[in-house]
Amino acid sequence: MDNLSITGAKIYFTIPGINYPVTQTVVNAWIAMIFIVGVCIWLTRGMKTHATTRRQAVAEMAVQMAHRLVGGSMGEGWEEFTPFIAAILSMSVVSSLMGLTGAYSPTNDLNTFVAWALVVFVLITYHKIKTNGFVGYLKGFVQPIFVMLPMNIIGELAVPVSMALRHFANILSGYVIGLLMYAALGMVSESVLSWLPGALSSIPILQVGLPAVLNVYFSVFSGCVQPYIFCMLTMQFVASAASDE
């Protein structure tokens, strides 16, 4: 194991002189992917032409929902885009819900959303070049007049930045609100129960139960709604790039 070393909370794999850090985000992201693949294999095992099991019925329903989502947002001719959207959506939801188990959620790391946003940016650029040609793509930066070049470049780069920060900030806000509520309930508990004798006055009764419920609410709400918004923005940007003239 000469090519493996552990420093702090990171594991480094040495590949011809290069130390590549394997963080908690990377490890748990792989766990989430393995879980998703395992569920897909289990749902599609032994499939037949006509659904005869609940597993196959659930699998077909999930595929139909993904197709309807893409078709309704991007129109006809985008069927091949369905697996990508389904992968991003399922990965984001599973990663966010991992926090409910006490594990570190990959969606708590801004790097996760930056990576996804960069992939989307590449797709947007690809479809713009495919539609208008490389020269036409470059000409778009000087439209309607040449002096708009800096603003058009900033606008182009703002897409992945805004997508990454929007998703991350909304999930982070739920976590921060949960911490603030926990601290506030502790202060209220201390003030209201200060009249109790002895050690009873120091028991944070209001901090029991409610913060956990709020954590579940924010984790489930953000973990399901924010991935949906991210995917909707992805589909809109890519479809708009493909139809750009």
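Only a predicted model underlies this, so the values are computations on that prediction, with no experimental measurement involved. (Residues numbered from 1 in each chain as written. Predicted model: local features only at pLDDT ≥ 70, side-chain atom pairs only at ≥ 80, totals over all residues. Heavy atoms only, no water.)

(A) Local environment of the pattern of salt bridges. Enumeration over the complete set of coordinates arrives at one salt bridge. The closest approach of N and O atoms between Lys128 and Glu156, which form a salt bridge, is 3.0 Å. Taken together, the residues Lys128 in helix α4 (residues 110-139) and Glu156 in helix α5 (residues 149-192) connect sequence positions 28 residues apart. Residue Lys128 is classed as buried on the basis of its relative accessible area of 18%. On the accessibility criterion, Glu156 (12% relative accessible area) is buried. (Salt bridge = Lys/Arg side-chain N within 4 Å of Asp/Glu carboxyl O. Helix = DSSP H or I, 4+ residues; strand = E, 2+ residues; numbered from the N terminus. Buried < 20%, exposed > 50% of the residue type's maximum accessible area, 1.4 Å probe, protein only.)

(B) The arrangement of the packing of helix α1 (residues 24-44) against helix α2 (residues 54-74) in detail. Where α1 meets α2, the axes come as close as 7 Å, and the angle between the chain directions of the two elements is 120°. What the angle tells us is that α1 and α2 run oblique. Residues Trp42, Leu43 and Thr44 of α1 lie in contact with α2, whose contacting residues are Arg55, Gln56, Val58 and Ala59. When its residues are assigned to classes, the contact of α1 with α2 shows four nonpolar, two polar and one charged. (Axes fitted to C-alpha atoms, helices over the stretch in contact; angles between N-to-C directions. Parallel < 35°, antiparallel > 145°, perpendicular 65-115°, else oblique. Contact = heavy atoms within 4.5 Å. Nonpolar A, V, L, I, M, F, W, Y, C, P; charged D, E, K, R; others polar.)

(C) A look at the nonpolar core. If you look at the biggest cluster of nonpolar residues, it comprises 31 residues, and the most contacted ones within it are Val70, Met74, Phe81, Ile85, Met163 and Met235. For this core, the secondary structure elements donating two or more residues are α1, α2, α3 (82-97), α4, α5 and α6 (210-242). If one sorts the elements of this core by residue count, α6 sits on top with eight residues. Leaving out residues up to four positions away in the same chain, Val70 has contacts with Gly75, Trp78, Phe81, Thr82, Ile85 and Met235. (Core = buried A, V, L, I, M, F, W, Y, C linked by side-chain atoms within 4.5 Å.)

(D) Broad picture of the environment of Asn152. Checked against the element boundaries, Asn152 lands in helix α5. Given the relative accessible area of 22%, Asn152 is considered partly exposed. If near-sequence neighbours (up to four positions away) are discounted, Asn152 is found in contact with Gly140, Phe141, Val142 and Gln143.

(E) The packing of aromatic side chains, seen in detail. The final tally for this structure, using the stated rule, is five aromatic pairs. Measuring from ring centre to ring centre gives 5.2 Å for Tyr137 and Phe141, while their planes differ by 80°; the resulting arrangement is edge-to-face. Given the relative accessible area of 14%, Tyr137 is considered buried. Grouping aromatic residues by their ring pairs yields a cluster made of Trp78, Phe81 and Phe84. Positioned above the aromatic ring of Trp42, the side-chain terminus of Arg55 is 5.6 Å from the ring centre. (Phe/Tyr/Trp six-rings, centres within 6.5 Å; stacked < 30°, edge-to-face > 60°. Lys NZ or Arg CZ within 6 Å of the ring centre and 35° of its normal.)

(F) Molecular detail of the packing of α3 against α4. Two numbers describe how α3 lies on α4: the axes approach to 13 Å, and their chain directions differ by 165°. When the axis of α3 is compared with that of α4, the two are roughly antiparallel. As for the relative orientation of α3 and α4, their crossing is left-handed in sense. Across the interface between the two elements, Phe84, Ile88, Met91 and Ser92 of α3 pack against Trp116, Val119, Val120 and Leu123 of α4. Classifying every residue of the contact of α3 with α4 by side-chain character gives seven nonpolar, one polar and no charged. (Left-handed = near helix turned anticlockwise from the far one by under 90°.)

(G) Focus on the confidence of the model for the protein. Averaged over the protein, the pLDDT score is 79; the fraction of residues at 70 or greater is 81%. Low pLDDT (under 50) marks residues 1-8, which in the prediction has 11 contacts with non-local residues, meaning those over four places away or in another chain. (pLDDT = per-residue confidence, 0-100.)

(H) Structural detail: α2. Relative to the 30 Å expected for 21 residues at 1.5 Å per residue, α2 spans 30 Å between its end C-alpha atoms, a close match to the ideal helical length. Listed as buried for α2 are Gln56, Ala59, Ala66, Leu69, Val70 and Met74. Buried residues in α2, looked at end-on, bunch into an arc of 155°, giving them a common side. Exposed side chains of α2 directed beyond 90 degrees from the buried face belong to Arg54, Arg68 and Gly72. (Expected span 1.5 Å × (residues − 1). Arc of directions from axis to C-beta.)

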